[in-house]
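# Structure assessment
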Amino acid sequence: MGLSPVLWQFLVNWLHNATLFPAEASTIAPYTDALYFFLVLMTIFGTTLVAVLVVVFSARYSRQRSPVATQIEGSTLLETTWTIIPLAIFLVVYVWGALLYFRIYNPPTNAMNIYIVGKQWMWKAEHPGGQHEIDALHVPLGQPVQLTMISQDVFHSFSVPDFRIKREVIPGRYSTVWFEATKVGRYHLFCSQYCGTQHSGMVGWITVMTPEDYKTWLEQSTSGQSLAQNGERLYASMGCNSCHNGTAAARGPDLAGVYGSKLTLTDGRQILVDDAYLRDAILNPSAHVTAGYAAIMPTYQGQLSEDGLIDLVEFIKNMQSDYRVQQTLVTAASGESAPTTPPQAAGER
Amino acid sequence: MDSALATTDPADLHAEQEHGHVSLPQHRHHFETVEQQREAGSFGMWLFLLTEIMFFGGMFLAYLLYRNWYYPAFVVGSNQLSVRIGTFNTMVLITSGFCMAIGVWAAEVRKRSLLTAMLVTTTLLGVLFLSLKYDEYHEKYELHHIPGNNFNVSMFTNPAGYGIKEAPLPPDMAQKTQVFFFLYFAMTGMHALHMIIGLGILCWLIPRARRGDFSSGYVAPVENFALYWHFIDVVWLFLYPLLYLINRHPMH
Amino acid sequence: MSTAVGNTIVSLPDQSTAQLPKRHYINNEYGLLSWLLTEDHKRIALLYLFSVTFFFFIGGAFAGLIRLELLTPQPDLVAADTYNKFFTMHGLIMIFLFLVPSIPGVLGNFLIPLMIGARDLAFPKLNLLSWYVYMAGGTLTLAALVLGGVDTGWTFTTPLSTHYLNTHVITAAMAIFITGFSSILTGINFIVTIHRMRCPGMTWFRMPLFLWAHYAASLLMVLGTPVLATTLVLVALERLFGIGIFDPAKGGDPLLFQHLFWFYSHPAVYIMILPGMGVISEVISTCSRKRIFGYTAVAFSSVAIALFGFFVWEHHMFIMGVSSYSALVFSLLTMLVAVPSAIKIFNWAFTLQKGSITFETPMLYCFGFMGLFTIGGLTGVFLGSLGMDIHLTETYFVVAHFHFVMVGGGLMAFLAGIHFWWPKMTGRMYPETISKLAAVTTFIGFNLTFLPQFVLGYLGLPRRYAAYPPEFQVLNVLSTAGATVLGFGYMLPMLYLVWSLKYGAIAGSNPWQATGLEWQIASPPPTENFAEIPIMDHEVYDYEWLANKTKKEVTTVG
Amino acid sequence: MTDQATHAHVNDLEHAEHRIVTPLQYFFVYIAMLALTALTCAAAFIDLKWANAVIAVGIACTQAAIGALFFMHAAFQSRLIKLTIGAGVFMFLVMVTMTMSDYISRSWGMW
């Protein structure tokens, strides 16, 4: 009986791909795998225990060997044992899992930031230098990368199994995740939250490069405009500079250096200014009025795309002085189009 | 469903004692005693009300969340509702609940005409409530305050233009009045739907009450319906302050 | 009347002389209307049996199509949107039209009055109504399917379901809304019956564990289902009128939908599994001739599962941007809810100790249940653990876990129960050898189908993918192969149970020599159940009482 | 069951004796409800800051309690029925508090 070629190929294929675990390609992966092994052992142990009990009792107390059953009420000692021991194991798993959770979702402070926009059915990555990628992400080796992600339409989920990271990409709110790749290579990027017809097509590749290669790649793929530069143009064209210009008479608060500071709002709340806050303040300004200012800012809901918002956020993030804002005011007053920023400004960051 | 909850009065309990199958037509064979049947009926009704608590609970949860998020919009939206009609309607409902309670009493002491009168009053008050509610809905419709594609926020961004003495809402917050109005319509609409169902059952009860079905010790349908009716009242007692009275002092 | 006890648990009457009782609930009345307008809980149970079986095979057909599509990495059998409709319909039908009503609707309806010594459920008309409501919901679901299908996934995730799909979402949502009411009515009926209709002497701690399990499940139905109803109404309104209560662009919060949805849908998995646990308790006790080890613990663990089941819903949302603090709380509570299940498993295992065990088909299904449910339960701990959940959620790991619990647990228990009470329901035995074969086939097929999916999940393959990278094919092929075996395993009972209706051995009133009240009356039972309301004068699972009773019967007859 | 029913008054948990409330009592309850409605309406027109909401909900709860206890006879029902009502309120509170625990603590940030 000869194996048919299809079956043979299938077997070969199987032997080649007989992996039980994805690659460990990030600093988080070993931690996740450790917990996984523990849990697998727990499952094997538990299942074996139950199976052994069932098999041994079945063999020992079958009708042939034990024609009459001995009635037993129960045993407090035994029952307490199998309440306490599983509980203890589960609590260990709980603490372990919680620690892992915070390791995965707490980015280190030195992480570089890349923006991700999810939409039906593609991933768009935006590097601060203005490099855009679709369904692909290039990252350097050994450098913590934080992803600030948002969805334009429905829930998506950014999942990289080889890094053991995953996070929902939500419409209307930034969510973040971080990783530090430890192996050069290409890794699957999946959307794991069902998002409509082409859900299974919303996949891409993450390419991990050595820092040198990454630098080369950045230089080759630049579009010439950094996110902050795009943001600066938006800042002028949306008229943000007419209020937020840092002059004494300005109707809006000074935005220079505002990122990362603590703001006091009119309702007395203290708020840390981060990406999410900036985005929200542009779209829903009335809930985010800085103390001492009137709630006169209009909403930009529906006027800015998520990409535009990212540009603006990135611009405000990097705004250390109001010099350039006032420059745009001057140009605007002179009736010229907004200036193209000289290339060296790309190195600001 | 109410006929399934049918029970008999304990007054006839002794006649039933020697395990007869059925002396009253309402006694169903699978119950050993009429008392058992009556308690089962009322317990079933209470369990049904339990599910109603959870049903409205989901919407109250949504209300709580969005009220915290969009408080100014909720205040303005709430002030758009007529506190007069709202308060009057609350009183109407309480009165109808009172009539219903008297009706149950009348059934228990076997006063047939009082029971019928009370059920009719309850129905009329229910209709009055619904027509006032319709009036309110209609006003909202004309003002384009029904959430959806035709929703119009200009009254909230520019209250002076409508002769309303109120601070204008910033446009982003004004949009959120839609959330308030959606909750308003969803909650009062679900409440009204329950009332309509209640009125339907009343229309079925009234002729039976006139016929004297409930005046011979068999009060379970009236009693269980009263539970339902009172429950709807109680829901309204929460809807009224939460929707109509968020902030009625414009000096805020 | 009965052959010597002790030789085998199946003590069938002498087949040459045995007869079915002259009058029983099936032949009491004839005609279609006598079924469609029946208020007899036993007949309604049979109505449920036909309809859940019907929907099970429809849902199963979709499962088959899904597995067939996944045989190859490319979407070559059907296009992606069709595939999406397949898994949506599979989920909707299997969860809301099969798993939720199966054991309560069929076995619960049939057995609860018999077990507590009552003539019927508290509200027979309500019971019939709940079947009609169920059929209305089922018909509407089929309508959604026939009109062109729906592709939201069974979870109706917003804003996808509300603003981004143009399939029959509202029809499907209303179908589930209606089906939910069937479940509520059943729940109310069971609770009232268990509280109010127990026969004299039937105290709470003399109730069979089947009743405890159904009581707990009914609590969940009554308290949880209305929230799903609200949620679906809001989804339908939002979709109909374009309002934004779950739409972030209009100020709504899609996570609120998740909270409301899972507030029901997590407890719902306990609605599906708790009645199954009740079945297992009965079968294991009977087939090992022994009272359940630690009756009180098993009874209270059912209630504990029901209670804690309400406190853990957020574990479906750990990566969705909920606050990490509340995630910590919910993860801890999730760990706690796993404990009562562990208690049950060990108590069942120790019930076998010093018993006198026989291995009939229901018992084999129970063993299958214990193994598969243990795996299913323990893999649930993976998902309840915060850090692990990040990697595993939304992958095939979840699919495998869920199927181990629901199919390996719930469906195995359903089959165990159907076989166990088949003689009571029909008066005839199923054929033993082929049913054992079916049980073993199901077990093997199940493991072959779903064990590879655990690996797929850890490798990171997301669920609900019509197409997948080729390196995952091997495991998918294994899974499809297993599904084929599994399909055969499910076809077999369908065939031989129908066969047994005419050719099965006459069962007699108590073939298993079980202690429950339902076994002390004729099979099939008369419409009235009990000529006289029985008096429960002994503990539950009291095999000595049964032996004495049988002995007396033999002497009086002889 | 027969003997359980005849001794209904003994077993307090599951059964309660039937009691008829007089119309006069209903009338007092009715007046109290109306008065509370007037009170809650009046209170809304006075600026009491956060206390407005507390008062409004507090009065509504009182009214609901009165309605349930007397109009719906919950006060004279068996403990089983009281437990049922309690279960409903409890589950509603669980749903609200546990959901809000997410929303409230979201802004606390990471550790």
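The model shown is predicted, which means the values in this text are computed figures rather than measured ones. (Residues numbered from 1 in each chain as written. Chains lettered and ligands numbered in written order. Predicted model: local features only at pLDDT ≥ 70, side-chain atom pairs only at ≥ 80, totals over all residues. Heavy atoms only, no water.)

## A word on unusual backbone geometry
The peptide bond linking A:Gln120 to A:Trp121 adopts the cis configuration, its omega dihedral lying at -10°. In this structure, A:Trp121 sits in the loop between β1 (112-119) and β2 (122-126). The peptide bond linking C:Thr158 to C:Pro159 adopts the cis configuration, its omega dihedral lying at -5°. On the secondary structure map, C:Pro159 appears in the loop between α4 (124-146) and α5 (160-163). Of note in this structure, A:Arg164 is not a glycine but carries a positive phi near 60°. Given a relative accessible area of 0%, A:Arg164 falls into the buried group. (Helix = DSSP H or I, 4+ residues; strand = E, 2+ residues; numbered from the N terminus. Buried < 20%, exposed > 50% of the residue type's maximum accessible area, 1.4 Å probe, protein only.)

## What about the nonpolar core?
Counting 389 residues, the largest nonpolar core has A:Leu137, A:Leu147, A:Phe158, A:Phe163, B:Tyr66, C:Phe156 and C:Phe369 as the members making the most contacts within it. In terms of residue count, helix α3 (residues 80-116) of chain C provides more of this core than any other element does, 23 residues in total. Core analysis: the next-biggest nonpolar cluster, separate from the first, contains 29 residues, A:Leu227, A:Cys240, A:Val258 and A:Leu283 among them. (Core = buried A, V, L, I, M, F, W, Y, C linked by side-chain atoms within 4.5 Å.)

## Section: the pairing of strand β9 (residues 185-191) of chain A
Residue and element names in this part refer to chain A. Within β9, 5 of the 7 residues are buried, leaving the element largely enclosed by the surrounding structure. Pairing geometry for strand β6 (residues 156-160) and β9, over 2 bridges, is antiparallel. Looking at the pairing, Ser159 lines up with Phe190 of β9. (Pairing = 2+ DSSP bridges.)

## Here we look at the domain arrangement of chain A
Assigned domains within chain A: domain 1 (5-64 + 74-105), domain 2 (112-221) and domain 3 (227-334). Here domain 1 of chain A and domain 3 of chain A have C-alpha centroids that lie 52 Å from each other. (Domains from an automatic or database assignment.)

## Things to note about the interface of chain A and chain C
On the side of chain C, 96 residues touch chain A, which itself brings 85 residues to the contact. Carbon and sulfur atoms supply 69% of the area buried between chain A and chain C, which totals about 7,800 Å² over both sides. Looking at the side of chain A facing chain C, the largest losses of area belong to A:Arg63, A:Trp82 and A:Tyr194, adding up to 11% of the total buried there. A salt bridge links C:Arg291 to A:Glu73, with the shortest nitrogen-to-oxygen separation between them at 2.9 Å. Our count for the contact surface shared by chain A and chain C stands at 30 residue pairs in polar contact (both at pLDDT 80 or more). (Contact = heavy atoms within 4.5 Å. Buried area = accessible area lost by both parts, 1.4 Å probe. Salt bridge = Lys/Arg side-chain N within 4 Å of Asp/Glu carboxyl O. Polar contact = N/O pair within 3.5 Å; in protein donor to acceptor, adjacent residues only side chain to side chain.)

## A short note on the sheet that holds β2(A)
Residue and element names in this part refer to chain A. Reading across from one edge, β3-β2-β1-β5-β8 is the order of the 5 strands in this open sheet, with mixed pairing throughout. Every interior strand has two partners, whereas the edge strands, β3 (132-134) and β8 (175-179), have only one. Ignoring strand direction, the axes of neighbouring strands in this sheet form an average angle of 25°. When β1 meets strand β5 (residues 145-151), the two strands line up parallel, connected through 7 bridges. Pairing of Val117 across the sheet is with Ile150, part of β5. (Axes fitted to C-alpha atoms, helices over the stretch in contact; angles between N-to-C directions.)

## Re the interface of chain C and chain B
With 39 residues of chain C in contact, the opposing surface of chain B contributes 41 residues. Carbon and sulfur atoms make up 74% of the area that chain C and chain B hide from each other, which totals about 3,400 Å². The interface formed by chain C and chain B contains 1 salt bridge. Between C:Arg196 and B:Glu39 there is a salt bridge whose closest N-O contact spans 3.8 Å. Scanning the region where chain C abuts chain B turns up 5 residue pairs in polar contact (both at pLDDT 80 or more). The element contributing the most residues to the side of chain C that touches chain B is helix α7 (residues 209-241) of chain C, with 10 residues. Partitioning the side of chain C that touches chain B into residue classes produces 26 nonpolar, 5 polar and 8 charged. (Nonpolar A, V, L, I, M, F, W, Y, C, P; charged D, E, K, R; others polar.)

## Focus on the packing of aromatic side chains
For the coordinates displayed, the defined rule picks out 91 aromatic pairs over all chains. Here the aromatic rings of C:Phe210 and C:Trp421 are separated by 5.5 Å at their centres, their planes lie at 55°, and the arrangement is tilted. Of this pair, C:Phe210 sits in helix α7 while C:Trp421 sits in helix α13 (residues 396-426), placing them 211 residues apart in sequence. Neither residue differs from the other here; C:Phe210 and C:Trp421 are each classed as buried. Taking 5.3 Å as the distance between ring centres and 10° as the angle between the ring planes, the aromatic pair formed by C:Phe369 and C:Phe373 counts as stacked. Here C:Phe373 and C:Phe369 lie together in helix α11 (residues 361-384), a separation of 4 residues that amounts to about one turn. Residue C:Phe369 shares its accessibility class with C:Phe373, and that shared class is buried. Sitting over the ring of A:Tyr105, A:Arg167 keeps its end group 3.8 Å from the ring centre. (Phe/Tyr/Trp six-rings, centres within 6.5 Å; stacked < 30°, edge-to-face > 60°. Lys NZ or Arg CZ within 6 Å of the ring centre and 35° of its normal.)

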